[in-house]
Amino acid sequence: MTEIIAFVKTEIISRPNSTAKPIPETGHMSIYASDYCPPFRESDMIHGPILSWLFMNWSVYIIEANDNSYYTGIATDVGRRFEEHSGTVCGAKYFNGRTPLKVIYQEDGHTRSSASKREVEIKKLSRLQKELLVTGATQ
């Protein structure tokens, strides 16, 4: 596992004795922090080798489950994430024993950080406030 501390233009500052290896075509260092990180691609670069998945267009979404409960989450691809919740191991544990019915709310245009903060805000809302948020978004 490689721990990346910071990116500075095209140089990477990493811990001593790092196991990071250059990516063949680019010469940039690998950004795999674990087996779950998305793969680094040249097309993902934003002004050099930055962890662009942090800056991608993140969305906050609410899914209605079959027991009429709401699940709030974040993703870069809400359709893909909905499919993952619908019976794959990558889905949230919340859906063990529940079935996701449909995405009832979606906010686009977030960074990873702002999406996470908005997710927390929405999760703190009461059921009635969430319903008003959803109906306000559809009108």
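The structure under discussion appears in the preceding block.
Residues numbered from 1 in each chain as written. Predicted model: local features only at pLDDT ≥ 70, side-chain atom pairs only at ≥ 80, totals over all residues. Heavy atoms only, no water.

J.: Explain the nonpolar core to me, please; I cannot follow it from the model alone.
T.: Here is a general trend for soluble globular proteins: nonpolar side chains tend to be buried in one another's company. Counting eleven residues, the largest nonpolar core consists of Trp58, Val60, Ile62, Tyr70, Ile74, Ile104, Tyr105, Ala115, Ile122, Leu133 and Val134. Those elements that place two or more of their residues in this core are strand E3 (58-65), strand E4 (70-75), strand E5 (100-110), helix H2 (112-124) and helix H3 (127-138). The element best represented in this core is E3, accounting for three residues. Filtering out sequence-adjacent residues up to four positions away, Ile104 remains in contact with Ile62, Glu64, Tyr70 and Val134. (Core = buried A, V, L, I, M, F, W, Y, C linked by side-chain atoms within 4.5 Å. Buried < 20%, exposed > 50% of the residue type's maximum accessible area, 1.4 Å probe, protein only. Helix = DSSP H or I, 4+ residues; strand = E, 2+ residues; numbered from the N terminus. Contact = heavy atoms within 4.5 Å.)

J.: Help me out: how do you make sense of the sheet that holds E5 in this one?
T.: Picture the strands of a sheet paired through backbone hydrogen bonds; they go either parallel or antiparallel. Read across the open sheet, the three strands follow the order E4-E3-E5; overall the sheet is antiparallel. Whereas interior strands pair on both sides, the edge strands pair on one side only; in this sheet they are E4 and E5. Each strand axis lies, on average, 20 degrees off the axis of its neighbour in the sheet, ignoring direction. Where E3 meets E4, six bridges bridge the pair, whose relative direction is antiparallel. Within E4, the residue paired with Val60 across the bridge is Ile74. Contacting E3, E4 and E5, helix H1 (residues 78-85) crosses the sheet at an angle of about 145 degrees to E5. (Pairing = 2+ DSSP bridges. Axes fitted to C-alpha atoms, helices over the stretch in contact; angles between N-to-C directions.)

J.: Can you walk me through the environment of Ala92 in this structure?
T.: Considering the arrangement of structural elements, one finds Ala92 in the loop between H1 and E5. Ala92 gets classed as buried once you look at its relative accessible area, which sits at 14%. Separated by ten residues in sequence, Ala92 and Phe82 have C-alpha atoms that sit 9.9 Å apart. Setting aside its immediate chain neighbours within four residues, Ala92 contacts Tyr71, Arg81 and His85.

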